[in-house]
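If you want the building blocks of each chain, they are given just below.
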Amino acid sequence: MRRNAIAVTGLLAAGAASIIFAAGSAQALTTDTTQLGSVHLTKTDASGVTTSADLSCSATVDGSGVTTVTGTGTATNPNAACTELNAVNGDFSKLLVHPTWLPLAQPAPVSVTAQGTWGATAVNWSNTFNNPSTLGKYTGDVFGF
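Residues numbered from 1 in each chain as written. Predicted model: local features only at pLDDT ≥ 70, side-chain atom pairs only at ≥ 80, totals over all residues. Heavy atoms only, no water.

**Focus on the environment of Val 110**
Among the secondary structure elements, Val 110 is positioned in strand β4 (residues 110-118). Between the alpha carbons of Val 110 and Asn 127 there is a distance of 8.5 Å; along the sequence they are 17 residues apart. With residues up to four places along the chain from it excluded, the contact list for Val 110 reads Lys 43, Thr 44, Asp 45, Asn 127, Thr 128, Phe 129, Asn 131, Pro 132 and Leu 135. (Helix = DSSP H or I, 4+ residues; strand = E, 2+ residues; numbered from the N terminus. Contact = heavy atoms within 4.5 Å.)

**Some remarks on the pairing of strand β5 (residues 121-129)**
By the bridge criterion, nine bridges tie β4 to β5 in an arrangement that is antiparallel. What sits directly across from Gln 115, in β5, is Asn 124. Hairpin connection between β4 and β5: a loop of two residues separates the two successive antiparallel strands, and Gly 119 in this loop has a positive phi of roughly 65 degrees. (Pairing = 2+ DSSP bridges.)

**Details of the state of the cysteines**
All chains considered together, the criterion is met by one disulfide. Residue Cys 57 pairs covalently with Cys 82 via a disulfide, S to S 2.0 Å. What sets the handedness of the Cys 57 and Cys 82 disulfide is the S-S torsion sign, and at about -80 degrees it is left-handed. Linking Cys 57 in strand β2 (residues 50-61) with Cys 82 in helix α2 (residues 78-87), this pair joins segments that are 25 residues apart in sequence. This pair shows no difference in class: Cys 57 is buried, exactly as Cys 82 is. (Disulfide = S-S within 2.5 Å. Buried < 20%, exposed > 50% of the residue type's maximum accessible area, 1.4 Å probe, protein only.)

Right, dumping it as C-alpha cells:
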C-alpha cells in the first residue's frame, strides 16, 4: 500500500509541475498594441439634422500572433466599426461592408464626413449617399450613431 501511495504522490507532483510550467509559459507570451487611428465622424440627414461621433481604433497582437481589433468612442458599435475600417486600412473610399445588400431606392440624402488620422495618414473624407440604406451598405457600423 505504501508503494502505491508513493507512486500517486509522484504523479501528483509531476502533474502540478506541468501545470506550473504551462502557466509560466503562458505568462511569457507578450502582447503588442498599435494605435490604428482616430477619427471624428459627422452625419447630416435629409432633414438637416447633424449628429457626430468619435472613434479610436487599435490592434493588439497576442504572443501567438492573433490580432484583435478594438475600438472606443461614441459610435454605436466601435469594435465593429474599427474592424470594418481596418479591413480597408482606414481608406473610407474603399468601404463596401455589405456588398450583397440591395438598398432602398427612395431618395433621402445623407452626407457624412470623417476627419482625423489613420496610421501616419491624415483622413479628410466626405460623401453623400442616396439614403441611409445605401450609407449602411457601404459604411456598415462606421456611421452607426
